[in-house]
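# Structure assessment
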Amino acid sequence: MTLCHTRTGLRRLGAMGGGMACALVLSLSPPPAPAGDGDRLQQPLAAPPESIPVRLTPRDALSLALARNPRLAAVAREIHARKGAVRQAGLPPNPVLNVQSSNLGNPALKRFDGPNTTLKLSQLILLGGKLSKGVRVAELDQELAGWDYRAAYMNVATTTVQAFIEVLKDQSRLALADQLVGLAERVLEVVDSQVRAGKVSPVQATRARVNLASVKIDRRRIRQALEAARKRLAAAWGSTEPGFEKVLGKLDQVAPIPARKVLIQRLQQNPDLARWASEIARRRAALELAESRAIPDLKVSVGATQFHDAGETAVMAGLSLPLAIFDRNQGGIEETRQRLVQAEEGRVNAEVTVTTALNTAYRRLAAAHAEVTTLKEEVLPGARNAFEAIQKGYRRGKFGLMDVLDTQRTWFDARQRYLAALADYHQAVAEVERLIGEPLDAAHGLEESK
């Protein structure tokens, strides 16, 4: 698989079509700004195909996942909701219109006030900057929703990449298993002919049949694993059935990995960690809002009373201000202050969690890289040479059937292991890139520039 890096840490999949160089570069940039327009945030890297292609490319898989993933759509919808909350937070309290009539229809009351009607308009005026501070809290809530979307976006893309790699690996493993079954069938045919000619014992034919049955069992298991991997990939775009026949690509390119300390320096771009700056700012804003609520709000009113008997009108005005004697929002202030401290502690915990995750992913990456290198440079050439030599020797009568079967199994097992190691390597790269928020080659370039 040719894995082309672009600007962010999720572009693991490049030109995965067999034999192609980096002709296909996927643009998987997460949303450029948290708390942006929800419609813009939902745009996939390319328009998804109208139906699932029979031969699925990486671009098809990622476009489908980013456009149709139900979890991603739900997180994007939260941004719309928070946008409405910002608008609502900026609206002042509505004025109150009060109409009151008294002494109506009772002649006995004429010697007192007589019938009258009072019309009063009152308005609550928020003091202490409550309105602007409430807007700030809502805006930061929207910004946090943007970070949540960014994290979900990257997680969906990474999961899709890893699922695609798994399908690609199992497809290749199945192709190898088909080759092994075909080879075992040919060996059985040769042995059967030799048995009929009286050249070898019938026991040799039994061994060849057992070997054929064994490799068929292995092929059946790989086919089942492939079907499960196909369904996991389809789940990335919310489907329960794959809808495609195969994925296009190959696994065969490995690049040097940068030093772990270089990757640690790039962790601040991880949205799970970067969001805590917004979280702490939001809780500081909430504390300021809670402190402003200790200031009573002023209520002003104006109105007029119409005395029907006298035909006179009296104008009235009033002010109302609660006395902050008992309730000065002490509990609310203490709650938000503790939540601010909690957020600062949460940021430290997030740093530890993300760093630990990177260390784990890096160890997996380094181990897979070392295994791929060893298999490619040492194990595969030796196993292949031994397999070819034994085959030639068997045809000349220098080796027995068991030698052929043993070297055959060793050669194909090494190739299967190599495929698994390649998949582990590419999946580990995808995980590391998700954690650092950029492609590994960018981090490697940073290392070289020092």
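Here's what I pulled together on the structure shown here. Note that this is a predicted model, so its numbers are computed, not measured. (Residues numbered from 1 in each chain as written. Predicted model: local features only at pLDDT ≥ 70, side-chain atom pairs only at ≥ 80, totals over all residues. Heavy atoms only, no water.)

## Concerning the overall build of the protein
We count it as follows: Helix and strand labels come from DSSP, where a helix needs a run of H or I of at least four residues and a strand needs a run of E of at least two; each type is numbered from the N terminus. A 1.4 Å probe rolled over the protein chains alone gives each residue an accessible area, and that area as a share of the maximum for its type sets the label: buried under 20%, exposed over 50%, partly exposed in between. In this description, contact between two residues means that some pair of their heavy atoms is separated by no more than 4.5 Å.
Broken down by element type, the protein carries ten helices and six strands. Residues counted as buried form 42% of the 450 residues belonging to the protein. Taking the intrachain contacts of the protein between residues at least 6 apart in sequence as the baseline, contacts between residues at least 24 apart amount to 75%.

## Let's talk about the environment of Arg223
Relative to the assigned elements, Arg223 resides in helix H5 (residues 202-235). Taking relative accessible area as the criterion, Arg223 reaches 41% and is therefore assigned partly exposed. Taking the C-alpha atoms as reference, Arg223 lies 7.7 Å from Asp170; in sequence the two are 53 residues apart. Those residues in contact with Arg223 that sit more than four places away from it in its chain are Leu174 and Asp178.

## Points about the packing of aromatic side chains
Here a ring pair, both rings aromatic, is described through the centre-centre distance and the interplanar angle of the planes. Using the following cut-off: Stacked, tilted and edge-to-face pairs are distinguished by plane angle, under 30 degrees for stacked and over 60 for edge-to-face with tilted covering the rest, among Phe, Tyr and Trp rings (Trp via its six-membered ring) whose centres lie within 6.5 Å. We call a charge positioned above a ring when the Lys NZ or Arg CZ atom is no farther than 6 Å from the ring centre and deviates by at most 35 degrees from the ring normal.
What the rule picks out here adds up to two aromatic pairs. One Lys or Arg, Arg230, reaches over the ring of Phe244 and ends 4.8 Å from the middle of that ring. In this arrangement the basic side chain of Arg415 is found over the ring face of Phe412, its NZ or CZ atom lying 5.0 Å from the centre.

## Quick notes on the packing of H5 against helix H9 (residues 401-436)
Between two packed helices, the angle of one axis relative to the other and the distance separating the axes together describe the packing. Let me state the cut-off plainly: Where helices are involved, their axes are fitted lines through C-alpha atoms of the stretch in contact, as for all axes, and angles between N-to-C directions lie from 0 to 180°. Any angle from 65 to 115 degrees is called roughly perpendicular, while one under 35 is roughly parallel, one over 145 is roughly antiparallel, and all others are oblique. By definition, turning the near helix anticlockwise from the far helix through less than a right angle yields a left-handed crossing, and turning it clockwise yields a right-handed one. Under the scheme applied, nonpolar residues are Ala, Val, Leu, Ile, Met, Phe, Trp, Tyr, Cys and Pro; charged residues are Asp, Glu, Lys and Arg; polar residues are all the others, including Gly.
For the pair H5 and H9, the least separation of the axes is 10 Å and the interaxial angle reads 10°. Comparing their axes, H9 and H5 come out roughly parallel. Crossing handedness for the pair H5 and H9: right-handed. Taken together, the residues of H9 that come into contact with H5 (itself represented by Gln204, Arg207, Ala208, Asn211, Ser214, Val215, Asp218 and Ile222) are Leu401, Met402, Leu405, Gln408, Arg409 and Gln416. Of the residues assigned to the contact of H5 with H9, the class counts are six nonpolar, five polar and three charged.

## A closer look at the packing of helix H2 (residues 58-68) against helix H4 (residues 130-196)
Where H2 meets H4, the axes come as close as 10 Å, and the angle between the chain directions of the two elements is 145°. Note on packing geometry: the crossing formed by H2 with H4 is right-handed. Residues Pro58, Ala61, Leu62, Ala65 and Leu66 of H2 touch H4, and the partners they reach there are Tyr153, Val156, Ala157, Thr160, Val161 and Phe164. Residue classes in the contact of H2 with H4 are distributed as ten nonpolar, one polar and no charged.

## Examining H2
Of all eleven residues in H2, eight are buried, a share of seventy percent or more. For H2, the set of buried residues is Pro58, Asp60, Ala61, Leu62, Ser63, Leu64, Ala65 and Leu66. Elements that come into contact with the buried residues of H2 comprise strand E1 (55-56), helix H3 (70-89), H4 and H5.

## A closer look at the nonpolar core
Rules: Here, the term nonpolar core denotes a set of buried Ala, Val, Leu, Ile, Met, Phe, Trp, Tyr and Cys residues that are joined through side-chain atoms within 4.5 Å.
Formed by 87 residues in total, the largest nonpolar core has its most connected members in Leu56, Leu233, Trp237, Val247 and Leu365. Listed by contribution, the elements that provide at least two residues to this core are H2, H3, H4, H5, helix H7 (271-292), helix H8 (330-395) and H9. Per-element accounting of this core gives the leading share, 22 residues, to H4. When neighbours within four sequence positions are excluded, Leu56 is seen to be in contact with Ala61, Leu64, Phe164, Leu233, Trp237, Phe244, Lys246, Val247 and Leu248. Val137, Leu140, Ala286 and Leu289 belong to the second-largest nonpolar core, a separate cluster that totals five residues.

## Observations concerning H9
Residues spaced three or four apart along an α-helix face the same direction, because each turn holds 3.6 residues. What counts, and what does not: Take the number of residues in a helix, subtract one, and multiply by 1.5 Å to get its expected span.
The end-to-end C-alpha separation of H9 is 52 Å, in line with the 52 Å expected for 36 residues at 1.5 Å each. Taken from the residues just after H9, Gly437 is the one with a positive phi, measuring 75°.

## Observations concerning the sheet that holds strand E6 (residues 312-320)
By definition, the strands of a sheet pair up through backbone hydrogen bonds, in either a parallel or an antiparallel sense. Condition: Strands pair, by our definition, only if DSSP identifies at least two bridges between them.
Overall, antiparallel pairing links the four strands, which are arranged E2-E3-E5-E6 in an open sheet. Of all the strands in the sheet, the pair left with one neighbour each is strand E2 (96-102) and E6. The sheet shows a mean angle of 15° between the axes of neighbouring strands, taken without regard to direction. Of the strand pairs in this sheet, strand E3 (residues 116-125) and strand E5 (residues 298-307) are connected by ten bridges, and their pairing is antiparallel. Across the sheet, residue Gln123 finds its bridge partner in E5, namely Val300.

## Some words on a nonpolar patch on the surface
The line we're drawing: Here, patches come from residues exposed beyond 30% relative accessible area and free of salt bridges, joined within 9 Å for like charges and within 5 Å for nonpolar side chains (Val, Leu, Ile, Met, Phe, Trp, Tyr). All accessible areas in this document rest on Shrake-Rupley with a 1.4 Å probe, and a residue is counted as covered only by the protein chains that are shown. The term salt bridge refers to a pairing of a side-chain nitrogen on Lys or Arg with a carboxyl oxygen on Asp or Glu at a separation within 4 Å.
A surface patch of nonpolar side chains, about 470 Å² in accessible area, is lined by Leu97, Val99, Leu119, Leu121 and Val302. Going through the elements one at a time, E2 and E3 are the ones with two or more residues in the nonpolar patch. With respect to the helices and strands, Leu119 occurs in strand E3. Among the residues examined, Leu119 registers a relative accessible area of 43% and is labelled partly exposed.

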